[in-house]
Amino acid sequence: MIKLTQLSRVFCTQDVETTALNNINLSVAQGEFLAIMGPSGCGKSTLLSILGMLDSPSSGQYEFTDSGKSQDISQFSETRLAQLRKTAIGFVFQSFNLIDELTVYENVALPLMYLKVSKAQRKQKVEAILKRVEIDHRSEHFPQQLSGGQQQRVAVARALIADPKFILADEPTGNLDSKNGEEVMNMLKELNAQGTTVIMVTHSEKDAQYASRTVRLLDGHIMLDKARQVAQETTL
Amino acid sequence: MIVNYFVTAMRAIRKDKQHFLLNVIGFSIGLAAAILMALFAQNELSYDNQHPDSERVYRAHGDFTAWGMQLTGVSSYRIASEMEKNADVEGIFRLINTERLPNYQEDALNLVEKKGTYHSLNNFYIATDNILEFIALEVLEGDIKKALQQPNQLVISESEALRLFGAVKAVDQTLNYSTGQYRIGAVFKDLPENTHFKFDTLMHLPAEFGDSQWGFHYYKLRPQADIPRLEQAMTKHLHVINPTEEWQSITQFLVNLEQLHFNSNGPFEMKLGGSLATLQTCIGLSVILILIASINFINLNIAQSAKRAKEVGVRKALGATKGQLVMQFLTESLIIVVLAGLLAFAIVELWLPQFNQLIDSQLSFSFNSSFMLVMVVVILSVGVLSGLYPALFIASFSAKRVLNGDLVRGGTAIFVRKLTLCLQGALSVGLIIAAISLYQQMELVNNLDLGYEKKSRIIVKNLPSQPIFKRDNNALLSSLRRLQGVEQVTLTNTDFTDESSGIAEFTWPNGETLTGIPPSIATGFYAAEVFGLKLLAGRDFSPQFSSDWYRIDEQGSRIFAVLVSRRMVELAGYTNIESVLGMKLTMPGSNISANVVGVVENVKLGSAKEQALPILFRLGDSFDNYNYFDSFGNIVLKISTSDIPTLVAKIRTLVEQELQLSDVTISLISDDYKALHKSENQVLDMVTIFSLLAIFLTSLGTFGLASFTSLRRQKEVAMRKVLGASRLSIVNLLAREFLVLIIISIALAYPITYWLVGDWLSNFNERIDQALWVYLTSALIITVITWLTVASLAFKAASTRPSLILRDE
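Residues numbered from 1 in each chain as written. Chains lettered and ligands numbered in written order. Predicted model: local features only at pLDDT ≥ 70, side-chain atom pairs only at ≥ 80, totals over all residues. Heavy atoms only, no water.

### Some words on the overall build of chain B
For clarity, the cut-off: By definition, any uninterrupted DSSP run of H or I lasting at least four residues is a helix, any uninterrupted run of E lasting at least two residues is a strand, and each is numbered from the N terminus. The contact definition used throughout considers only heavy atoms, calling two residues in contact when any of these lie within 4.5 Å. Surface accessibility follows the Shrake-Rupley procedure with a 1.4 Å probe radius. Residue values consider only the protein chains on display as shielding.
When helices and strands are tallied, chain B shows 22 helices and 25 strands. Judged by the C-alpha coordinates and their principal axes, chain B covers about 110 × 60 × 50 Å. Sequence-distant contacts, at least 24 apart, represent 80% of the contacts inside chain B between residues at least 6 apart. Carbon and sulfur atoms make up 56% of the accessible area of chain B, which totals about 33700 Å².

See the structure below:
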């Protein structure tokens, strides 16, 4: 579904040139649960931004396959990326990034509004997804009125509402206690089991255990790319 | 989607009430001021547009500036008669003040009697019967055309009918005058405020009317008329009928009816005209206020944008396009602007009475009018323009950056914010300088040595001259002198705050004749004392020298005493003012002579913009070169009481009883003088109010920005406190950024303000020098206000426990 070839991202300030990603080659297949790990400054967030179509690479290719049609989106304009993004990706952030001024219901419904889905359909889908993540009883609450775990469940619901091709999760348990963190990871695992592709950036080895494949980054390079089973065998 | 925008906006407002209030208050004040100005401008520009064919009706004016006088709206009857033959002229309407027809007093008497009580006829004019072709008059009763064709018929206004007869239906009612009787021929609805015409009583133009008269002449020209050629022909004819040398420098010109309001500030006008400069100043000031309010709006929204950055990032990540985000934030701006607009309309409703008082007008505000529609469109346009930049700015946030926690925005926004704050500061500094300079200039004008005293002087105007201009047994003046608080009383045919219409061209013993219409003013005894004239030589008119009073000797010669001004003596060629005392002046071609009994310091008649002309005061009955006697005179009282209302009431009772008059006009000369400078005083009031508003709005903007700055730098402040910084040093640290901007704005404001204020001052003959202290004071005021505004917030930031901030970080 995703194929990155010789992908680099260089940031230029006035005097300094920083290479955040250096000739990255990475493929993600439909239905995978990929964990990206690495120390601070290794390029995780940059890679996530590019995968999430929030940023474009300086060089290399980003092939995205949708409904059997493959296209290189590395040189897409911001508008085209926005178009693709809203149908293809669901985001889950470490700090939840719910909009404080909107209720739980409205936050979850927002992607559907940008997709111009009718009000009746929106209602139906939002109610279903809120039920699925077990937060339907809080639908009229504002984000500040919820616990961290509840907020992240809302964020997951929002990520799923538009039936995305894959979910990008950036440290989804970073701001949660262990119990809530576990709940969220189980939810992602469950979604993956139902066929949703999940790409997750994490510092937590424990969370990475939920993934079927782990990629480790260091200084903009992929140092390790191993499927879970292989990794487990190696450990044994 | 729009509902979602609206809901989000309302919740954002609820969440940040301070930001919302700053925006709404600032914008509504700016808008309210602009609406008031628009009402004023609409009214000023509507003058005389209602009259038929107003676009091709012109009034003939004379340019007397070569004589040191003004532009006047009156012109010669004879020129009009000649121009009537011109192919470009379709018709001429004549309007002549009966006060200026002393040789026609038998028919045109303003003083009428009804059941034993005398009444002055207000604003009494002679008019031609084609009046309805030139003026949009609504006739309530009678036939105005017929009434203006017949002698002894009056056409009166609705309010005059009510005053004289207690009812609007007054046709066929009668009023007696000394040698006959008037019959009311027609009644017309009172003239609206937005016209330069002001008459309440009209009578016909007699066929034998003297050609030598001057009055208002309105020319209806044919379309495509050659106006410059017509003006040349008028001037040429003026020179033909007045062949003497001094007249050759006088010119005639035409002013369109729709422009008359701004061109009717000369003498003899029906009412005080408007001032284009005042209008332009007011419009300019309201634009400045809107600009300041819009800048505040833009700055506050941009400053607040960091708070919304996360939302923008999330929305973008969820698929919102830039256009959708622009629409969202524009909707929020429009909600604020609409609320500010509603508040502005409420403020206008509330302020309108005070504003009307300030500009001496009767503006009204209707919610069901095209004006309202225009205002709504303007408010929305200003809202869209002010909201667009912040909306574009916020919508252009990079989702990736803000979601990674990078909320610091680029240099462009900071530059724009600093630039706009500089602009606001510069406008405030400029307005303070302008307000102080204007105040100084108006103080100079009000306290200008005019050669006569304005303070503690009361004038009783437009009294019949015959009963008051009496040398002996003047019971009225004696009674007035006995009133408590009255020091002395005299008579005059001239209101000093107006321009003199009387002229007297005397020949001096050295053969010098002063031409160029030197004003000649008839007075009573004690003229120098009551008017406060400065006697340089000789003596005042006094009953001790009763032969000074105008008299006709055995040979039929007319003789009287005069006081002459220093300038007149100098122009007559005498260097020693003492030497002219006792000299006999003669008037060529007449049997009039005058004895000089005193020389007074120069007197300036009219406004401060006028020059001091050579002037002559004569004792006794009033007449001028043409031997016309004035039908009206004034009594002037020198007073020594502070209880003016009581004294005025006593004077009124006394004069009304003695002269059997129904209504008497009494005013303070100082008030009349102030009224002469109405437009300048209006500008002063406006600039003062607008400056205060501008400073308030700028402070509001600075407060808003400073609150965001202190929020942005709270971690730095906390760290500095941990490292031992004092509160004051932190306050100064935060204030420094703003003070640097204020210094730049002061540097910007100084040269522009110096030039603009200097340009305005050049309109005055006597003017102040722009003072350095004014510039320094205004800079200090803005600096102190800015420092206090920022310091109040910075102090709060500096007082917060660092642990609270650093823990959050």
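### Things to note about the domain arrangement of chain B
Accessible area lost during the coming together of the parts is what is often quoted as the interface size. Put simply, the rule reads: Domain delimitation in this document rests on an assignment produced automatically or drawn from a domain database.
Each assigned domain of chain B is listed here: domain 1 (56–276), domain 2 (413–446 + 678–809) and domain 3 (457–639). Summarising the inter-unit geometry, the C-alpha centres of domain 2 of chain B and domain 3 of chain B are found 55 Å apart.

### Quick word on the packing of aromatic side chains
Residues and elements named next belong to chain B. Put simply, the rule is: Pairing of aromatic rings covers Phe, Tyr and Trp, the last through its six-membered ring, and needs centres within 6.5 Å; plane angles under 30 degrees mean stacked, over 60 mean edge-to-face, and all others mean tilted. When accessible area is computed with a 1.4 Å probe and restricted to protein chains, residues below 20% of their type maximum are described as buried, those above 50% as exposed, and intermediate ones as partly exposed.
Going through the model one piece at a time under the given rule, you end up with 27 aromatic pairs over all chains. Between the aromatic rings of Phe-197 and Phe-199, the centroid separation amounts to 6.1 Å while the plane-to-plane angle is 65°, which identifies the pairing as edge-to-face. Classification of Phe-197 as buried rests on a relative accessible area of 1%. Phe-199 sits in the buried class, given a relative accessible area of 2%. Ring geometry for Trp-508 against Tyr-574: centres 5.6 Å apart, planes inclined by 45°, an arrangement best described as tilted. Of the two residues, Trp-508 sits in the loop between strand E16 (486–492) and strand E17 (520–523) while Tyr-574 sits in the loop between helix H15 (566–571) and strand E21 (584–586), which places them 66 residues apart along the sequence.

### A short note on the environment of Ser361(B)
Residue and element names in this part refer to chain B. Along the chain, Ser-361 turns up in the loop between helix H8 (322–359) and helix H9 (370–395). Each C-alpha atom, one on Ser-361 and one on Glu-193, is 8.3 Å from the other, the two residues being 168 residues apart in sequence. Beyond its immediate sequence surroundings of up to four residues, Ser-361 is in contact with Asn-43, Glu-193 and Asn-356.

### Description of the interface of chain A and chain B
Put simply, the rule is: Once two parts are joined, some of their accessible surface, as seen by a 1.4 Å probe, is lost; buried area is that loss totalled over both. Definition used for salt bridges: Asp or Glu carboxyl oxygen within 4 Å of a side-chain nitrogen of Lys or Arg. Polar here means any residue other than Ala, Val, Leu, Ile, Met, Phe, Trp, Tyr, Cys and Pro, which are nonpolar, and Asp, Glu, Lys and Arg, which are charged; Gly is therefore polar.
Listed as interface residues are 28 residues of chain A and, on the opposing side, 24 residues of chain B. Contact between chain A and chain B buries roughly 2400 Å² in total, counting both sides, with carbon and sulfur atoms accounting for 58%. On inspection of chain A and its partner chain B, the count reaches 2 salt bridges. With its nearest N and O atoms 2.3 Å apart, the salt bridge here joins Glu106(A) to Arg11(B). Counting only elements with at least two residues in the side of chain A that touches chain B, the list comes to helix H1 (44–51), helix H2 (78–88) and helix H3 (104–114) of chain A. A breakdown of the residues in the side of chain A that touches chain B according to their chemical character gives 13 nonpolar, 6 polar and 9 charged.

### Overview of the sheet that holds strand E10 (residues 221–227) of chain A
All names here are of chain A. Applicable threshold: Two strands qualify as a pair provided that DSSP identifies no fewer than 2 bridges between them. Every angle, taken between N-to-C directions, lies between 0 and 180 degrees, and every axis is a line fitted to C-alpha atoms, over only the stretch in contact when it is a helix.
Strand order across the open sheet formed by 6 strands is E6-E7-E8-E3-E9-E10, with mixed pairing between neighbours. A strand with exactly one partner marks an edge of an open sheet, and here the two such strands are strand E6 (89–92) and E10. Averaged over neighbouring strand pairs, the angle between their axes works out to 15° when direction is ignored. Relative to strand E7 (residues 166–170), E6 runs parallel, the two sharing 4 bridges. In the sheet register, Gly-90 faces E7, and the bridge partner there is Ile-167. Seen against the sheet, helix H5 (residues 148–160) touches E6 and E7 and runs at an angle of roughly 170° to E6.

### Let's talk about the pairing of strand E22 (residues 592–600) of chain B
Residues and elements named next belong to chain B. Of all 9 residues making up E22, 8 are buried, and the element is well covered by its neighbours. Here 3 bridges tie strand E18 (residues 535–538) to E22, and the two strands are oriented antiparallel to one another. Following the sheet pairing, Ala-537 is matched in E22 by Val-599. Where strand E20 (residues 558–565) meets E22, 8 bridges bridge the pair, whose relative direction is parallel. Across the sheet, Arg-558 pairs through a bridge with Ile-592, a residue of E22. With 3 bridges joining them, E21 and E22 adopt antiparallel strand pairing. Bridged to Lys-584 within E22 is Asn-595. Two successive antiparallel strands, E21 and E22, enclose a turn made up of 5 residues, where Gly-589 displays a positive phi of approximately 75°.

### Comments concerning the nonpolar core
To be explicit about the condition: Here, nonpolar core means buried Ala, Val, Leu, Ile, Met, Phe, Trp, Tyr and Cys residues that are tied together by side-chain atoms lying within 4.5 Å of each other.
In this structure, Leu480(B), Trp508(B), Leu533(B), Phe617(B), Ile635(B), Leu637(B) and Ile651(B) are the most contacted members of the largest nonpolar core, which totals 154 residues. With 16 residues, helix H2 (residues 17–45) of chain B is the largest single contributor of residues to this core. Each of domain 2 (413–446 + 678–809) and domain 3 (457–639) of chain B accounts for three or more of the residues forming this core. Non-local contacts of Ile651(B), meaning those with residues more than four positions away in its chain, are made with Ile458(B), Val460(B), Leu480(B), Leu483(B), Leu637(B) and Ile666(B). Formed by 58 residues, the second largest nonpolar core is a distinct cluster that contains Cys42(A), Leu48(A), Phe76(A) and Ile99(A).

### Re the sheet that holds strand E4 (residues 59–66) of chain A
Residue and element names in this part refer to chain A. Within the open sheet, the 4 strands sit side by side as E2-E1-E4-E5. Their pairing is antiparallel. Each end of this open sheet is capped by a strand with a single partner; those strands are strand E2 (17–28) and strand E5 (69–72). Averaged over all pairs of adjacent strands, the angle between their axes in this sheet comes to 25°, without regard to strand direction. Sheet topology places strand E1 (residues 2–12) next to E4; 5 bridges connect them, and they run antiparallel. From the neighbouring strand, Thr-5 faces E4, where its bridge partner is Gln-61.

### Points about the pattern of salt bridges
Residue and element names in this part refer to chain B. Applying the stated criterion across every chain yields a total of 32 salt bridges over all chains. With a closest N to O distance of 3.6 Å, Lys-461 and Asp-495 form a salt bridge. Taken together, the positions of Lys-461 in strand E15 (residues 457–464) and Asp-495 in the loop between E16 and E17 put the pair 34 residues apart, joining distant regions of the chain. For the pair Lys-461 and Asp-495, one class covers both residues: buried. Glu-601 serves as the salt-bridge partner of Arg-566, at 2.8 Å between the closest nitrogen and oxygen. With Arg-566 in helix H15 and Glu-601 in the loop between E22 and strand E23 (616–619), this residue pair connects regions lying 35 residues apart in the sequence. Salt bridges sharing partners connect three or more residues here, namely Asp-53, Arg-56, Glu-90, Lys-220 and Arg-222.

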